[in-house]
Amino acid sequence: GPRRAVGPDLVALFVGCHGRFGTIRRVWLRVHRVSVKRPDAAPFAAPRDAAMTEGEARLLDAIARELTTPSR
């Protein structure tokens, strides 16, 4: 299924935003036996650390303001 169908991209949120919205303190590591065939994934061909566009930066700023503004 498409990536969007399985939930949010937490790697992009926590790693890609360089700690702006949270810090990873604990993770689970999934291990598979070498002898078991796993489905192939499509190769990743996008830049790994591309600069944010102006629109993306404005959106992240707006999200950060909402998260840090005390509720009324």
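This text gives an overview of the structure that appears in the document. This one's a predicted model, so the numbers in the text were calculated from it and none came from an experiment.

What about the overall build of the protein chain?
Part 1: Helix and strand content of the protein chain: two helices and zero strands.
Part 2: A compact globule built from 72 residues should have a C-alpha radius of gyration of about 11 Å, whereas the protein chain, at 17 Å, is more than 25% larger.
Part 3: Considered along the principal axes of its C-alpha atoms, the protein chain spans approximately 55 × 25 × 20 Å.
Part 4: Of all 72 residues assigned to the protein chain, the portion counted as buried reaches 6%.
Part 5: When the accessible surface of the protein chain is summed, it comes to about 7500 Å², and 58% of that surface belongs to carbon and sulfur atoms.
Part 6: Taking the 13 positively charged and 7 negatively charged side chains of the protein chain as two groups, their mean positions are separated by 11 Å.

Quick look at the layout of surface pockets
Part 1: Empty space within the largest pocket amounts to approximately 690 Å³.
Part 2: Along its surface, the largest pocket is lined by 19 residues, and Ala-12, Gly-16, Cys-17, Ala-50 and Met-52 are the ones closest to its centre.
Part 3: Of all elements in the fold, only α1 (10–16) and α2 (54–68) reach the threshold of two or more residues within the lining of the largest pocket.
Part 4: In terms of residue count, α1 provides more of the lining of the largest pocket than any other element does, five residues in total.

Conventions used here
- Residues numbered from 1 in each chain as written.
- Predicted model: local features only at pLDDT ≥ 70, side-chain atom pairs only at ≥ 80, totals over all residues.
- Heavy atoms only, no water.
- Helix = DSSP H or I, 4+ residues; strand = E, 2+ residues; numbered from the N terminus.
- Rg over C-alpha atoms; globule rule 2.2 N^0.38 Å.
- Buried < 20%, exposed > 50% of the residue type's maximum accessible area, 1.4 Å probe, protein only.
- Areas by Shrake-Rupley, 256 points an atom, 1.4 Å probe, with all protein chains shown as cover.
- Lys, Arg positive; Asp, Glu negative; His and termini not counted.
- Charge placed at Lys NZ, Arg CZ, Asp CG, Glu CD.
- 1 Å grid on protein atoms, 1.4 Å probe; cavity = no way out; pocket = protein on both sides within 12 Å on 5 of 7 lines; lining within 4 Å.
- Points joined across faces, edges and corners; volume = space filled by probe spheres on them.

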